[in-house]
Amino acid sequence: MDANGTRYQLLLGFDDWGECTDADGTTLRDRWRAAPPSENETKLAPESAPVAWNAENYELTLQPRLFKFEAAPHDKPPKFENRRGAGRDRYGNWYWIDETEGRILVNSSGTNRTNVFWPTEGSTTCAAEEKSPDEFKPVADVSCPPLKFRALAVTEDHYLVVGVLDPAGLLIFDLHAGGAPQQVWWPKGVKFEPHDMAARAGGGVLVLDSTNKRYWELDRLFNVLPPAAFMPSVTQPDDFQPRGSDGKKTELHLCELPQRLTLQMSTRLFIPKPISIECLPDNSVLVLDYRAGQKFSRVHRYREGKRVGQSRSTKSMLKLIEEDRRADFSLVGYDFAFVPRRAQGEPDRLYIVAADGNQSYAFNLVWRKRKQITLDPVAAYMPMRLFAGRALVRAGTEAYYDFDSRWIPLVEQRRPRYAEAGTFLTRAFDGAEPDCVWHRLMLDACIPPGTRVSVRSRAANNPDDLELTEWSPEPRPYLRGDGTELPYGSGSRLVRDEEEAANRRAEGKGTWELLFQRARGRYLQLEITLAGNERATPRLRALRAYYPRFSYLVRYLPSVYREDDQSASFLERFLANLEGMYTSLEDKIAAVQVLFDVRSAPADALEWLSGWYGVALDPAWDEAKRRVFIKHAMFFFRYRGTMHGLELALRLVTDECIPDEAFTDAAAATAAASGAYSIRVVERYRTRRVPGVVFGDPTEAFAPRLVEQQTRWQPSQGSEALHATYRASLELEAGELYPIKRPAGATGKDWEAFSRAVLGFVPGATATDRTTGWENFLARRYPHLDALGAAYNTEPDSFADVKFPQSLPQGGEPLNDWYQFESVVVAMRQTAHRFTVLLPMRQTDTFDTAAHRDLTELARRIVELEKPAHTTFDIKFYWAMFRLGEVRLGDDTLLDLGSRAPGLMRPMLLGEEHLAESYLVAAHPQNVGGRNILGRQYEPPLN
């Protein structure tokens, strides 16, 4: 509702736009959700909706059309017998089978050259005669004829698996450990003819036998996984088990092993011709079927040996084909590849290569109820010129195909095509009163050059009369120059950037407006037509129909101006232009409180809002961080100059997200007491007697050491007791006295250790401490000179007359004063006004990189701005995680610094790492995570 009480009807989102209908009265929602027909149905496809819903951008567009590659007359399609398996390892090396099916080739990512991977010179591999042909086991190398390969895949555990036709079996290459392949042969009585392979999620492979219409499933240890209906007859414990507290193996994991390999351990496919196989993230299986004489292929889904849901046809792509071209369109799959979603919210993709080999077609894999999948066609143009026909392979989050002796990514080319026009009808809007004069229509849309949006309206007091009312054309909408009419909405700007505004106008983005001419009646219905040039489309995001009209003619002018209907109609519409301008200003005035609330203020108003505090926001801050700072600015300034204020300032510039709970007194008390945050500030005076780790600084912790247990000396015991203990501890001759200054030579270290153990501190008064510091200490300790003279048995004229002792006093007040001065005053003077800022070093960080140095300099600038002027500081990094040999309990109780675990350090790079803070990275392929090879890992010596 605006300042004049005018309300509006809104269309926004899938549900609202889906209630609109086409000319036949069918809702757009039903058109969009219509399932594609099966191949045995006579109709080509469900009739397309006049417009399409773009779920990614939440907008209405013209129906997209697929751009089809037109093949040259001399182009020859690839043949199914040319299919070869292919795969890429984690280092970017590609493996595939050559045209002769007798060699495995590799294209190295380092040299980009193609060489023979197997067989190498002098290597021969085949199956020897076995005593028990039914056994499923590896065999040794013997002399034999060359093998014939078919199908290939690289598993997640970095194994290269290659199918062998004769003898039937597999070669398994360990790309991590290297060496000769493991050979696994199928018994002669079990039919096995590999045609295609796919890596399983979590390790292992799927092997498709197209000839025998079966697929085999092998786990990460390459044991055959039988279907759920097949029950293995032997169960034995896995040999690799964790040890319990008693040293014995704990029977936690069982490995199901069959007695012999049989055909029933594979999954039978009741489909005409399976030609390709893929694995989904839940380890269910997709199989592409080709039917001779049909125009479309089908995709079947299996899980644990059973079909799941209904098969899906590539016929759904007809939704993106013009109706006059559907009869000639066909999509027979040659190969397909499944690519999982790249980010949260994105759909899974299935790419299917057409039989002509010139183009791949994309489908969003949509999951319905009961795990039913649907192939939602995508209008993406992905040509595959000069496709050799070996395979379409997924590697990472991309699909690749072979071009000559290289593998290049399948890339979408920008060839947008749309239907020329589309018309739909909105629902009947209710104006809530008879003869309601409908005011304006607002469209949040993008109407680029070459496209247009046309609107017709009809209104009546009875909804049944709408069908009998003629349509009235409305003016073409125009783009508002000051953004949306909603006060301080996302489309409005307090400070307009002229360049940005010009770009938005050129693109047609913004709020489009038209004034209803003759729409009068309680119920209003709109007919909206989107039209384009087949290369661009209007995009509608929201629609707002305002009612009733606030008439300046009725409200502010005498009735004489309304006597003539024709002139009154013109005058009312003329004054409505002024009303639109003034109402926008009045709305902003009425809603001005929005600007003073950080939760509702527009993004471009945050700089103005922060100016009330006299601060300038960091340009690097995102909108969320700016709002958090402005919301808690008073709290931040109240703690400025304190430990908690310094931590907050650092967190504002370094943390991605800082919660509201950090700006509370409770959080300040907790942080000051225990260093609870990842960014820590440790005051040095607190570490004068205990290690810094107690206050959150693990970088200055000492490893545990064996010390002699002895009672601390106190001044009440007298100096002779300290002298005697000193001589006994250092095995000195009689008459030696404890010095209050560090002795020269090697004795100095022993003196420091003794002082720390017996006194609890190391005397270290400087020349300034012995003069000015000692005088000030005596002046604070004694109320007047008489008290000082009585304590020191002298008559001083000033506190400066009592000099700092050159040796340990005998006892009494002089000894006690020396002890208090050295243990408290000097220790605090050495650490006062100094603090350390500790920044977390995470596993992904690396020392001496540009990012690391930038973070250090940024933190240094922030601390210089926020710290008290009389203080000094240094910046350190610490491991913000647990480490082997290091245990933290509560306030980081440190047991030992422990080992420099490579998992917590970065590989060493020349000029960017420090010794003992990094490690020499192993060469390929020894650095694959999760794979331990005997002899390549460190083994401790036997005791």
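About the cut-offs
- Residues numbered from 1 in each chain as written.
- Predicted model: local features only at pLDDT ≥ 70, side-chain atom pairs only at ≥ 80, totals over all residues.
- Heavy atoms only, no water.
- Patch = residues over 30% accessible without salt bridge, like charges linked within 9 Å, V, L, I, M, F, W, Y side chains within 5 Å.
- Areas by Shrake-Rupley, 256 points an atom, 1.4 Å probe, with all protein chains shown as cover.
- Salt bridge = Lys/Arg side-chain N within 4 Å of Asp/Glu carboxyl O.
- Helix = DSSP H or I, 4+ residues; strand = E, 2+ residues; numbered from the N terminus.
- Pairing = 2+ DSSP bridges.
- Axes fitted to C-alpha atoms, helices over the stretch in contact; angles between N-to-C directions.
- Buried < 20%, exposed > 50% of the residue type's maximum accessible area, 1.4 Å probe, protein only.
- Contact = heavy atoms within 4.5 Å.
- Polar contact = N/O pair within 3.5 Å; in protein donor to acceptor, adjacent residues only side chain to side chain.
- pLDDT = per-residue confidence, 0-100.
- Arc of directions from axis to C-beta.
- Expected span 1.5 Å × (residues − 1).

Any chance you could break down a nonpolar patch on the surface for me, citing the residues and the numbers?
A surface patch of nonpolar side chains, about 610 Å² in accessible area, is lined by Phe-570, Phe-574, Leu-578, Met-581, Tyr-582 and Leu-585. Relative to the assigned elements, Leu-578 resides in helix α5 (residues 565-590).

An account of the sheet that holds strand β28 (residues 398-403) is requested, with residue identities and associated values reported.
Taking strand neighbours across the sheet as the criterion, the three strands line up as β27-β28-β29 in an open arrangement whose pairing is antiparallel. If you trace the sheet from one side to the other, it starts and ends with β27 (392-395) and β29 (406-409), each paired once. On average, adjacent strands in this sheet sit at an angle of 40° to one another, irrespective of strand direction. Bridge count for β27 against β28 is four bridges, and the pairing is antiparallel. Its bridge partner being in β28, Val-393 is matched across the sheet by Tyr-400.

How would you explain the pattern of salt bridges if you had to name every residue and give the values?
Summed over all chains, the structure comprises 37 salt bridges. Two residues, Glu-513 and Arg-440, come together in a salt bridge whose shortest N-O distance is 2.3 Å. Linking Glu-513 in strand β36 (residues 509-515) with Arg-440 in strand β32 (residues 440-446), this pair joins segments that are 73 residues apart in sequence. The class for Arg-440 is buried, based on a relative accessible area of 6%. Salt bridges sharing partners connect three or more residues here, namely Arg-84, Glu-101, Lys-148 and Arg-150.

So what's going on with the side chain of Glu-572? Which residues, and what values?
With respect to the helices, strands and loops of the structure, Glu-572 is situated in helix α5. For Glu-572, a relative accessible area of 16% translates into the label buried. Dropping the residues within four chain positions of it, Glu-572 is found in contact with Val-437, Arg-549, Ser-551 and Leu-553.

How would you sum up the side chain of Ser-316? Please name residues and give values.
Take Ser-316: it is sitting in the loop between β22 (312-313) and β23 (333-339). Here Leu-375 takes part through its backbone oxygen, which lies 3.3 Å from a polar atom of the side chain of Ser-316.

Which residues make up the confidence of the model for the protein chain, and what values go with them?
Across the protein chain, the average pLDDT comes to 81, with 80% of residues at or above 70. Counted against residues more than four places away or in other chains, residues 702-708, with its pLDDT under 50, gives three contacts. Contacts for the low-pLDDT stretch residues 883-904, under 50 throughout, to residues beyond four places or in other chains number 45 contacts.

How would you sum up the sheet that holds β23? Please name residues and give values.
On the basis of which strands lie adjacent, the open sheet formed by four strands has the order β23-β24-β25-β26 and antiparallel pairing. At either end of the open sheet lies a strand with only one pairing partner, and these are β23 and β26 (373-383). Averaged over all adjacent pairs, the angle separating strand axes in this sheet is 25°, with direction ignored. Alignment of β23 against strand β24 (residues 348-354), held across six bridges, turns out to be antiparallel. The residue of β24 that forms the bridge with Val-339 is Arg-349.

I'd love a proper account of helix α14 (residues 785-792), names of residues and values included.
The set of residues buried in α14 consists of Leu-788, Gly-789 and Tyr-792. All buried residues of α14 fall inside an arc of 100° around its axis, so they share one side. Turned more than 90 degrees away from the buried face of α14 sit Asp-786 and Ala-790, all of them exposed. The secondary structure elements touched by the buried residues of α14 are α13 (767-781) and α15 (812-831).

Please give an account of helix α12 (residues 747-759) that cites residues and values.
The terminal C-alpha atoms of α12 lie 17 Å apart, and with 13 residues this matches the ideal 18 Å at 1.5 Å per residue to within 8%. Where α12 is buried, its residues meet α11 (719-730) and α15. Positioned one or two residues after α12, Gly-760 has a phi angle of 95°, which is positive.

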